[in-house]
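# Analysis of the macromolecular model
If you want the building blocks of each chain, they are given just below.
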Amino acid sequence: QSKFLIHLFFSPTMISVKAIAILLATGASASAFSFRAAAPTATASRSRTSLSMSAALIVQNKGGGHGELGFQLAKNLSSNSKITSITILQDSACSDSKEPFVSYASDLPDVKIVKADLADESMTAEDVQELLGQSYDYVWDNASKGAVGAGKAVVDCAKTWNSKLLTYVSSGGVYQPNDIFPMPETTPIKETAGQVLYEKYAIENEVPFVSFRPQYIYGPKSNKWDYIDWYFDRIVRNAPLPIPGDGSQKVSLTNAEDVASLLASVLNNEAAAVEQTFFNCGTNQLVTYDEVASLCAEAAGIADVDIQHYDASLGKAKFPFRLTDFYVAPDMAMSKLGWEGPKHNLKDDLSWYFDSYQARGGPEKEMDFVADQDILVNKYVMLFEKQQEETEQ
């Protein structure tokens, strides 16, 4: 008995009408339309011809900040002429009653869903092959946090399958920024971060590899709302918003659909993608911390918002972003991969976002602003002490 849970719902893969016409025109026999499932072995690989199927695999985590990306990526790839079949290898720890997972059946009817415990560090490439039973031309890994367990297995499978591309969803959090903003792809990184170790393992194994480093993501089917909710939680209650520094720090808040289109843009120029390898991932429509507050207040129909700036040395409390500038821009993806840029902007999206906030019971939920109050008390203590020092001088 397999130690992994397998769950499938999909429509059979279909060859396109155009491909059938080409085959008939060239005198292909009826056998040309017969397909046999790949043998479920860890060494399965297949020769490719100009008419071969291009199968895509998306490895998807259980949720969180990246939770919506697999769903949006599958939707994006469904309309890409390079891709003829899509499978999502879904972490079984996801909640099937929550978005985006509850929408898989209705919104992704032609996508095969396979579930497995991706947190099992004993998982091997052989286990993954047994689960999937075929090889894949293109692999997107939006689950692995390191080159262990499922993460190592995915890289090993991509190598065995002779995949054309393995695209990894890393994190902008691996950067150790200096004073250059937006942070370029050459920004120093945390060498011991799990994502960096995954990147190194893939490159060392000579897999055609690309890594994207996203930052803060929101979307209509998200299951993590912390970043923007922080603002609405205070605005709808007429509570002060403690924002560190002067509020001019910039942040990259990107719609999940735009992140998905960035991840799919590797198909525009595969050679350039592999040559560059690392890409920052986010919108080019940056906003400041104070601007987010103003836009949220506008979306909530509230005229005045009480922004309280404070010395960043007092800490974050529950503020959702970094104390200082920490943002990227997608210039490299736009120049190398021909990414056309975001289709969404925060100002417009906050309209549906606030509707979602209300539907989720945001204005009614019980809140604890003790950490905020501590910051504000310390702010005024610091100001008082500074005034005292100036008076004594």
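Before reading on, note that the structure itself is shown above.
What you see is a predicted model, and the numbers here were worked out from it, not measured in a lab.

Turning next to the pattern of salt bridges. This structure, assessed with the given rule, holds twelve salt bridges. The residue D156 makes a salt bridge to K152 at a minimum N-O spacing of 2.9 Å. A residue pair is termed a helical-turn pair when its members lie 3 or 4 positions apart in one helix, as D156 and K152 do in helix α5 (residues 150-160) at four residues. Looking at K152, the relative accessible area reads 34%, which means it is partly exposed. For E191, the salt bridge identified is with K200, shortest N-O distance 2.6 Å. Note on K200: relative accessible area 33%, which makes it partly exposed.

The next subject is the sheet that holds strand β2 (residues 85-91). The strands that make up a sheet pair up through hydrogen bonds in the backbone, lying either parallel or antiparallel. Here we have seven strands laid out as an open sheet, ordered β3-β2-β1-β4-β5-β6-β11, and parallel in their pairing. At either end of the open sheet lies a strand with only one pairing partner, and these are β3 (112-116) and β11 (278-281). Across the sheet, the axes of successive neighbouring strands diverge by a mean angle of 20°, strand direction being ignored. Here strand β1 (residues 55-60) runs beside β2; their pairing, made up of six bridges, is parallel. Within β2, the position partnered with V59 by the bridge is L89. Lying on the sheet, α5 is in contact with β1, β4 (138-142) and β5 (165-169); it crosses β5 at an angle near 160°.

Moving on to the packing of aromatic side chains. Going through the model one piece at a time under the given rule, you end up with 25 aromatic pairs. A centroid spacing of 6.3 Å and a plane angle of 35° characterise the contact between Y138 and W140, whose relative ring orientation is tilted. When the ring of F232 is compared with that of F354, the centres are 5.0 Å apart and the planes differ by 40°; the resulting orientation is tilted. One end of the pair, F232, is in helix α7 (residues 226-235); the other, F354, is in helix α12 (residues 346-359), and 122 residues separate them in sequence. F354 shares its class with F232; the two are buried. Each residue in the set Y216, Y227, W230, Y231, Y289, F319 and F321 is aromatic and connected to the rest through ring pairs, giving one cluster. Its end group placed over the ring of F326, R322 keeps NZ or CZ at 3.7 Å from the ring centre. The side chain of R360 reaches across the aromatic face of W225, ending 3.9 Å from its centre.

Calculation notes
- Residues numbered from 1 in each chain as written.
- Predicted model: local features only at pLDDT ≥ 70, side-chain atom pairs only at ≥ 80, totals over all residues.
- Heavy atoms only, no water.
- Salt bridge = Lys/Arg side-chain N within 4 Å of Asp/Glu carboxyl O.
- Helix = DSSP H or I, 4+ residues; strand = E, 2+ residues; numbered from the N terminus.
- Buried < 20%, exposed > 50% of the residue type's maximum accessible area, 1.4 Å probe, protein only.
- Pairing = 2+ DSSP bridges.
- Axes fitted to C-alpha atoms, helices over the stretch in contact; angles between N-to-C directions.
- Contact = heavy atoms within 4.5 Å.
- Phe/Tyr/Trp six-rings, centres within 6.5 Å; stacked < 30°, edge-to-face > 60°.
- Lys NZ or Arg CZ within 6 Å of the ring centre and 35° of its normal.

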